[in-house]
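A look at the structure
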Amino acid sequence: MTHIFLKKLNNLIDTKKCSVGIIGLGYVGLPLSILFVKNNFKIIGFDVDKKKIAKIKKNQSYIERISNNDVGLINKGGQFYSNFSNISKCDIIIICVPTPITKNKKPFLKPLIESSKLIGTILKKNDVVVYESTVYPGCTEEVCIPILEKFSKLKLDLDFLCGYSPERINPGDKINKLSNIIKIVSGTSIKSTNIIASMYSKIIKAGIHKTLNVKTAEASKVLENTQRSVNISLINEVSVLFNKLNIKTNEVLEAANTKWNFNYFTPGLVGGHCIAIDPYYLVYKAKQVGLKSNLILGSQKINEEMPVIICKRFMKSFSKKNIKLKKKNILIMGLTFKENCSDIRESKVLDIINYLDKKKISVKTYDPWVSKKDLDKKLKINHIENLKNISGFDGVIIAVGHDIFKKIGIKKIKSFCKKNSVIFDIKNQFNSKYVDGTL
Ligand SMILES: NC(=O)c1ccc[n+]([C@@H]2O[C@H](COP(=O)([O-])OP(=O)(O)OC[C@H]3O[C@@H](n4cnc5c(N)ncnc54)[C@H](O)[C@@H]3O)[C@@H](O)[C@H]2O)c1
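Residues numbered from 1 in each chain as written. Predicted model: local features only at pLDDT ≥ 70, side-chain atom pairs only at ≥ 80, totals over all residues. Heavy atoms only, no water.

Some details on the overall build of the chain
Put simply, the rule reads: What counts as a helix is a DSSP run of H or I of at least four residues, what counts as a strand is a run of E of at least two, and both are numbered from the N terminus. A radius of gyration in this sense is built from C-alpha atoms; the matching globule rule multiplies 2.2 Å by the number of residues raised to 0.38. The rule is simple: take the accessible area with a 1.4 Å probe, protein chains only, and divide by the maximum for that residue type; under 20% is buried, over 50% is exposed, in between is partly exposed. Here, two residues are considered to be in contact whenever any of their heavy atoms come within 4.5 Å of each other. Only the protein chains shown count as cover for residues, with accessible areas throughout obtained via the Shrake-Rupley method and a probe of 1.4 Å. When charges are counted, neither His nor the chain ends are considered; positive counts come from Lys and Arg and negative counts from Asp and Glu. We put the charge of a Lys on NZ, of an Arg on CZ, of an Asp on CG and of a Glu on CD.
When helices and strands are counted, the chain shows 14 helices and 14 strands. Computed over C-alpha atoms, the radius of gyration of the chain comes to 24 Å, within 12% of the 22 Å expected from 2.2 N^0.38 for 439 residues, which places it in the range of a compact globule. Its C-alpha atoms give the chain principal-axis dimensions of roughly 80 × 50 × 40 Å. When burial is assessed residue by residue, the chain has 52% of its 439 residues classed as buried. Taking as baseline every contact in the chain between residues at least 6 positions apart, the subset at least 24 positions apart corresponds to 73%. With an accessible surface of roughly 21,700 Å², the chain has 54% of that area assigned to carbon and sulfur atoms. Within the chain, one finds 74 positive and 37 negative side-chain charges whose respective centroids are separated by 5 Å.

Structural notes on the pattern of salt bridges
We count it as follows: Salt bridges are identified by distance alone: a Lys or Arg side-chain nitrogen within 4 Å of an Asp or Glu carboxyl oxygen.
In total, this model carries 15 salt bridges according to the counting rule given. A salt bridge links Lys38 to Asp70; the nearest nitrogen and oxygen atoms lie 3.3 Å apart. Within this pair, whereas Lys38 is found in helix α2 (residues 29-38), its partner Asp70 is found in helix α4 (residues 68-77), the two being separated by 32 residues in sequence. We note a salt bridge from Glu305 to Lys301, for which the minimum N-O separation is 3.0 Å. One end of the pair is Glu305 and the other is Lys301, both in helix α11 (residues 294-320) and four residues apart, which spans about a single turn. A relative accessible area of 33% places Glu305 in the partly exposed class.

Brief notes about the packing of helix α5 (residues 110-122) against helix α6 (residues 139-152)
The line we're drawing: Orientation is described by lines fitted to C-alpha atoms, with helices fitted over the stretch in contact, and by angles between N-to-C directions that extend from 0 to 180 degrees. In this scheme, a crossing is called left-handed if the near helix is turned counterclockwise away from the far one by less than a right angle; it is called right-handed if the turn is clockwise. All residues other than Ala, Val, Leu, Ile, Met, Phe, Trp, Tyr, Cys, Pro, Asp, Glu, Lys and Arg, Gly among them, are scored as polar; the first ten of these are nonpolar and the last four charged.
With their axes 7 Å apart at the nearest point, α5 and α6 run at an angle of 35° to one another. Once α5 is placed against α6, the crossing between them reads as right-handed. Between α5 and α6, the residues in contact are Leu112, Ile113, Ser116, Lys117, Ile119, Gly120 and Thr121 and Cys139, Val143, Cys144, Ile147, Leu148, Phe151 and Ser152, respectively. Split into classes, the residues belonging to the contact of α5 with α6 amount to nine nonpolar, four polar and one charged.

What about α6?
We apply this condition: Each helix should span, by expectation, one fewer than its residue count multiplied by 1.5 Å. In this scheme, the bend at a residue equals the angle between the axes fitted to the seven residues that finish there and the seven that begin there.
Taking 1.5 Å per residue, 14 residues should reach 20 Å; α6 reaches 19 Å between its end C-alpha atoms and fits that length. At Ile145, α6 shows its strongest bend, of approximately 30°, with the proline Pro146 following within four residues. Taken residue by residue, α6 has Cys139, Thr140, Val143, Cys144, Ile145, Ile147, Leu148 and Ser152 as its buried positions. The secondary structure elements touched by the buried residues of α6 are α5, β5 (128-131), β6 (161-164) and α8 (214-244). Positive backbone phi, at 60°, marks Lys153, one or two positions downstream of α6.

Some remarks on the sheet that holds strand β2 (residues 42-46)
For the record, the criterion: Strands pair, by our definition, only if DSSP identifies at least two bridges between them.
The sheet built from eight strands is open, its strands ordered β3-β2-β1-β4-β5-β6-β7-β8 with mixed pairing. The open sheet is flanked by β3 (78-81) and β8 (208-210), the only strands paired with a single partner. In this sheet, neighbouring strand axes are inclined to one another by 20° on average, regardless of whether the strands run parallel or antiparallel. Alignment of strand β4 (residues 92-95) against β5, held across four bridges, turns out to be parallel. Its bridge partner being in β5, Ile94 is matched across the sheet by Val130. Of the strands in this sheet, β4, β5, β6, β7 (183-187) and β8 are in contact with helix α7 (residues 190-201), which crosses β7 at around 150°.

Let's talk about the sheet that holds strand β12 (residues 393-398)
Across the sheet, six strands lie side by side as β11-β10-β9-β12-β13-β14; this open sheet has parallel pairing. Edge strands, defined here as strands with exactly one partner in the open sheet, are β11 (383-384) and β14 (437-438). Taken together, the two bridges between strand β13 (residues 417-425) and β14 define a ladder with parallel strand orientation. Bridging across to β14, Asp425 finds its partner in Thr438. Of the strands in this sheet, β9 (329-333), β12, β13 and β14 touch α11, which is tilted by about 150° from β13. Helix α12 (residues 349-358) contacts β9, β10 (362-366) and β12 of the sheet and is inclined by roughly 175° relative to β9.

Limitation: the analysis is restricted to geometry and does not speak to function.
Below is the structure:
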């Protein structure tokens, strides 16, 4: 058996002999496929979303930071299907399916379970399976591997290998890209860790970090995002306090940041499918072993309350300026969950829109990163696609720190409004003397 896996290792060195299957071609799976193809691997991609497969086949990108040229390139070096059976030709299968949460904030593992079942039906002796989706510590070994074994009737480490390697990309980040982020790699045995590490070392320039076991790698990923969420929640909490004390949070941060060991975070909306979600995976696991996650849950609560806090302060600014709130028209600039990306999944701006809508405040949105046709009609968002001839708004909330908003400038933003209006700059992009509120 060792001999066969060694042959696989040799095949990995000769990348052309190794065929990699990528399950789930979204924000993680598509760039990963491109990187493999650019490094001469043969790729077979699978996604349940037929529209995505059709777009790939037409050399069309559906992710803003991925060019049509790169999609054209993977079409040359890979094959893409919405039919799973083609994955059976692969030696290595990497799973990049979504891992969201349910309404009750519990891990929603259906895509992971469904894809593991399918892989189980085609798994061959000596195949290698790697999970990249973010999960709680223990999920790969407790949930996924038993499914693979059950559906394939093969035995882990005897017949096939398995490991976990979290994806750590940061949407919108032009500097830290897939190939220059150290890849954390784990396997259920030393052999699988080494084989998986050998594969990733062919595509990741930054290098590989091998963990002791799979659950360490799983825990490291959820910890990264949980730490960020907790840190931001602290700054969100103190920003509310400082506001009450008439202290400018950005001035406090600037001063505190002169200390060498101060960790700089800014207040804001914590959305998206990673930082807003992943802490709940850790909370779930903690509960399973009889522990309470007071700090994490408290932090999540603070971050989740921010849209309402912002709306209340925004509305209060109207009364401070003696403007009646009745029949007001508001422009929200920025819809995405963070700056300089087009992803609106779990965006907390949507919570702001819903809150203002309930208060009968009419809201229009503008975000050059989001096109109207891509917005789910169920969201009922009144989205404008250009700023030509717009005027007469009673207020603007600059909700996202897109660079383009700085280019537009506060003078122009003010020109969209009536003389007596309210401007709230959540991400503190503009000089505070030109706006009525910030965090
Ligand atoms: N987006 C990021 O920046 C990022 C960063 C780090 C980690 N992650 C993690 O990586 C995983 C994937 O995230 P993403 O942002 O790429 O999600 P995504 O929604 O953009 O892409 C997932 C893709 O999987 C497909 N899919 C769903 N169920 C499937 C199934 N059963 N079989 C095959 N395909 C299926 C979907 O159609 C979709 O195209 C998640 O666990 C996420 O938390 C994401």
